[in-house]
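Survey of secondary and tertiary structure
Chain residues, written in single-letter form:
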Amino acid sequence: MKLTRMNEMILGIDLGTTNSAVGVVDSGFPILLANEDGRRITPSAVYVANDGSVEVGAMALRRRGLEPERVVTSIKRLMGRRTSEIEENFPVAVNAGPDGMPRVLGKTAEAISAEILREMKRIAEWRMGVEIRKAVITVPAYFHDGQRAATKRAGTLAGLEVVRILNEPTAAALAYGLDKLEEKARVAVYDLGGGTFDLSILEMQDGVFQVLSTCGDTRLGGDDLDALILARVMQRAGAGEIDKAARVRLTEEAERVKLALSTDEEAIFRVPFYDGSRSLEVPITRQELEKLAAPWIGKTLHLCRRALADAALKPEDLSAVVVVGGSTRMPAVRRAVTELFGREPDLSQHPDEAIALGATIQGGVMSGALRKMILLDVTPLSLGIETFGGLMNVLIPRNTTIPCKAGELFTNAADGQAAMRVRVLQGEREMAKDNWELGNFNVAFSQSAKGQARVGVQFKIDENGILEALARDVSSGIDTVIQIQSAAVNVADSAVEAMVSESVKHAFEDMAGRIFTEAKMKAEELLPAVEAVLSQGLAMDDERGEIEAAVTAVQTALANGAANPLKAAVHRLDVATEALAARLVEQAMDAALDRQLIGE
């Protein structure tokens, strides 16, 4: 087939953990495109042969029977993560590359994801008969900067210009037509897929979608329930250790049983000769599955409550609740959502297709094929830099609407300083050491006395949620710019939720730490100056006693390490030396004036 170029056509792609889908706006209507099997959903599976050739989708899955160790699934869970962050039992062997990033069958996570995206592109070009170079690709709302950048790189490897990285809940809202609700509508999108979970609350008004809050876990999904089912079956059967090939077959059966129990009351977990000699045949009831899934569902509900609290809303303030993702087919999940939000969820769209449909609509909007709508997402965690004393100075607070930019002016903390290290941090804690470092860079400036150099730091987050940090030496005008392309933090993605939880748990002690550090820095600046003045006999007799008592109080509080007493003692010293400071300033000004008159 001869392909012609059509630049204005933009694909909408849901790059899912378990399945992927692609769509396009044709004749003013968003449609999802079926593959050669007539299915709009393609498994996110890649078979890598010994000679390096690949097969994608159902063909790849069919290879699992003979070569399970060469079929890669759930690659989305490795995107933008370092090897040291991977804790779960991945379906195939994962090795560390020279850059610390994971390799599967010799390929990076981006390269394998690119194969899936390339297949989505091929299906679309085959169906539409045109060459298509642009795409909107969806990601979980809780994907951090490194994961978003990795997704964009995968698109580039697949021969696509990624014109937008779109949050999955926002895509779902578009698919459900939630912009057509009453004049001002607030909607919760509960997205539980194969590998990730998000709960986002959006507000729609006059075609503008604004994300009020988002909460989630990029390692909480149907794959985890499959693992729980398998562990329970192995325990009940008294089975021992199993190799990778057997685990793949057994996990596949666990997924089948899970899906069957969404409609049936009982299913048989049956795998003959799973390791060449042993077989498994274990009945499982829906009641057993729901008991097993209760903590798993409970985690999603906890995140839902957090998102509601962040948006300062109650369930009754919402206009609708929609559920997205294959895992929401479970009756227990739907009951839990209904109970938490006090209303039946909207089930009008296909749970596996809604996100791809929303991405397609956004692609149509950007190409001009559909009417204009504005999407305003948010950044899920605060971004800032480390300042003197090891404090976290927030430039962009959590849940700020993106795209956005913010900046602040900083100065040098020591005499003779000729450079400043800017540490880019992400997190919710008061002290820099408790947050994640995304990157760092040096800014050089002319050697200056303490407080004389001026460095402006600006953070800019684009519409894809990718961060650019800029630092400018004010005197020279020279800029230093870095783009955070991958996270440099060796923590699990589930720690994103833990970060927010810990910020609440440690709020009082964190604030006490900040108060003490700030008071300590001020005390260390005040004490030498006050002692110098006292030693020169510049204080009057009636004020000297109070100043000396205040100095003793500051020294005692510093030794005790208590935040509020130190803050109070520093304030007392400030007040005690106010008149003295004013008098010294006045004397200095008079002396300067006298010198000027003499000079004349």
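Counting from 1, residues in each chain are numbered in the order their sequence is written. Only residues with pLDDT of 70 or above have their local features reported here, since the model is predicted, and side-chain atom pairs are shown and tallied only from 80 upward, although totals for entire chains, interfaces and linings are computed over all residues. Here the side-chain values reflect all heavy atoms present in the structure, with hydrogen atoms and water set aside.

So, on to the overall build of the protein. Here a helix means four or more residues in a row that DSSP labels H or I, a strand means two or more in a row labelled E, and each is numbered from the N terminus. Along the backbone of the protein there are 14 helices and 30 strands. Here the protein, with 600 residues, has 52% of them falling under the buried criterion. Taking contacts inside the protein between residues at least 6 apart in sequence as the whole, the part at least 24 apart equals 66%. Surface exposure here means Shrake-Rupley accessible area, sampled with a 1.4 Å probe, where a residue is shielded only by the protein chains that are shown. Surface exposure of the protein reaches about 26500 Å², of which carbon and sulfur atoms provide 51%. Three labels apply to residues, based on accessible area from a 1.4 Å probe with only protein chains included: buried if under 20% of the type maximum, exposed if over 50%, partly exposed otherwise in between. Contact criterion: two residues are considered in contact whenever any of their non-hydrogen atoms come within 4.5 Å of each other.

It is worth spelling out empty space enclosed by the protein at this point. For each structure, a 1 Å grid was placed over the protein atoms alone; sets of points admitting a 1.4 Å probe that cannot get out are labelled cavities, open sets with protein on both sides within 12 Å along at least five of seven lines are labelled pockets, and lining residues have an atom within 4 Å of a point. Grid points are joined across faces, edges and corners, and a volume is the space filled by probe spheres set on the points. For the structure on display, the rule yields 3 cavities of 30 Å³ or more. The wall of the largest cavity is formed by 15 residues, among which D145, T379, P380, Q426 and G465 lie closest to the centre. By residue class, the composition of the lining of the largest cavity is 8 nonpolar, 5 polar and 2 charged. Its volume calculated, the second largest cavity comes out at about 70 Å³. The nonpolar class holds Ala, Val, Leu, Ile, Met, Phe, Trp, Tyr, Cys and Pro. Asp, Glu, Lys and Arg form the charged class, and all remaining residues, Gly among them, are polar.

In this section: the confidence of the model for the protein. Close reading of the predicted structure is inappropriate where its pLDDT is low. With 89% of its residues at a pLDDT of at least 70, the protein reaches an overall mean of 83. No element of the protein has a lower mean pLDDT than strand β1 (residues 4-5), which averages 36, and none a higher one than strand β2 (residues 10-15), which averages 96. As a per-residue measure, pLDDT reflects the predictor's confidence and takes values from 0 up to 100. Low confidence marks residues 1-7, where pLDDT is under 50. Its contacts with residues over four positions away, or in another chain, come to 16 contacts.

What follows covers the packing of helix α7 (residues 286-310) against helix α8 (residues 331-341). Angle between the axes and distance between the axes are the two parameters that describe a pair of packed helices. Packing of α7 against α8 leaves a shortest axis separation of 9 Å and a crossing angle of 35°. In this structure, α7 crosses over α8, and the sense of that crossing is right-handed. Residues R286, E290, W296, I297, L301, C304, R305 and L308 of α7 pack against P331, A332, V333, R335, A336, L340 and F341 of α8. Across the contact of α7 with α8, the residue classes tally to 11 nonpolar, no polar and 4 charged. Lines are fitted to the C-alpha atoms to define the axes, a helix being fitted only along its stretch in contact, and any angle between axes, read from their N-to-C directions, falls within 0 to 180 degrees. Definitions for this section: a left-handed crossing has its near helix turned counterclockwise from the far helix by less than a right angle. A right-handed crossing has that turn clockwise.

Quick look at the sheet that holds strand β27 (residues 436-448) now. Any two strands with at least two DSSP-identified bridges between them are counted as paired. With respect to topology, 4 strands assemble into an open sheet ordered β23-β22-β26-β27, the strand pairing being antiparallel. Strand pairing shows two members of the sheet lacking a second neighbour, β23 (391-396) and β27, which therefore form its edges. Each strand of the sheet is rotated relative to its neighbour by a mean of 30°, with strand direction disregarded. Taken together, the 5 bridges between strand β22 (residues 383-387) and β23 define a ladder with antiparallel strand orientation. Across the sheet, the residue bridging to T387 is L391, located in β23.

Counted as salt bridges are all cases of a side-chain nitrogen of Lys or Arg within 4 Å of a carboxyl oxygen of Asp or Glu. Taken as a whole, this structure holds 27 salt bridges when the rule is applied. The residue E125 makes a salt bridge to K121 at a minimum N-O spacing of 3.0 Å. Taken as a pair, E125 and K121 lie in helix α2 (residues 109-128) at a separation of 4 residues, close to a single helical turn. In this structure, E386 engages R423 in a salt bridge whose closest nitrogen and oxygen atoms are separated by 2.5 Å. Residue E386 is found in strand β22, and its partner R423 is found in strand β26 (residues 417-426); the two are separated by 37 residues along the sequence. Since its relative accessible area comes to 27%, E386 is described here as partly exposed. Taken together, the shared-partner salt bridges in this structure form one network comprising E36, E119 and R122.

Hydrogen bonds between backbone atoms are what pair the strands of a sheet, whose relative direction is either parallel or antiparallel. As summarised here, the arrangement of the 3 strands in space is β7-β6-β8, forming an open sheet in which the pairing is antiparallel. What marks the edges here is a single partner per strand, and that holds for β7 (54-56) and β8 (71-73). In this sheet, adjacent strand axes meet at a mean angle of 20° when their direction is disregarded. When strand β6 (residues 45-48) meets β8, the two strands line up antiparallel, connected through 3 bridges. Note that in β8 the partner of A45 across the bridge is T73. Taken strand by strand, α2 contacts β6, β7 and β8, and its axis lies near 60° from that of β7.

When the centres of two rings from Phe, Tyr and Trp lie within 6.5 Å, Trp using its six-membered ring, the rings pair. Their planes under 30 degrees apart give stacked, over 60 give edge-to-face, and anything left gives tilted. For the structure on display, the rule yields 1 aromatic pair. Both rings, one in Y190 and one in F197, keep their centres 4.8 Å apart while their planes meet at 65°; by these two values the pair is edge-to-face. Owing to a relative accessible area of 0%, F197 belongs among the buried residues under this scheme.

This part is about the environment of L395. Its location among the elements puts L395 in strand β23. The class of L395 is buried, set by a relative accessible area of 10%. In sequence terms L395 and Q458 are 63 residues apart; their C-alpha atoms lie 8.0 Å from each other. Excluding anything up to four places from it in sequence, L395 contacts L383, G384, I385, A406, G407, E408, F410, V457 and F459.

Take the buried residues of types Ala, Val, Leu, Ile, Met, Phe, Trp, Tyr and Cys, join any two whose side-chain atoms come within 4.5 Å, and each joined set is a nonpolar core. Y190, L199, I201, L250, F269, W296 and F341 are the most contacted members of the largest nonpolar core, which has 50 residues in total. The dominant element in this core, judged by the number of residues it contributes, is α7, at 10 residues. Counting residues in hydrophobic clusters, the runner-up holds 38 residues, among them I13, V92, A109 and I132.

Moving on: unusual backbone geometry. One non-glycine residue, S74, lies in the positive phi region at around 55°. Within the secondary structure layout, S74 lies in the loop between β8 and β9 (95-96). Given a relative accessible area of 9%, S74 falls into the buried group.

With that out of the way, let us pick up the layout of surface pockets. As a volume, the second largest pocket reaches approximately 410 Å³. If you go around the second largest pocket, you meet 19 residues; those closest to its centre are E386, T387, F388, T411 and A413. Looking at which element gives the most residues to the lining of the second largest pocket, the answer is β26, with 6 residues.

Where α2 meets helix α3 (residues 145-157), the closest approach of the two axes is 8 Å, and the angle between their N-to-C directions is 55°. With respect to α3, the element α2 is oriented oblique. Note that α2 runs across α3; the crossing there is right-handed. Only A150, R153, A154, G155 and L157 of α3 make contact with α2, whose side of the interface consists of E110, A111, S113, A114, L117 and R118. Here the residues of the contact of α2 with α3 are counted per class, giving 6 nonpolar, 2 polar and 3 charged. The scheme is simple: roughly parallel for angles under 35 degrees, roughly antiparallel for over 145, roughly perpendicular for 65 to 115, oblique for anything else.

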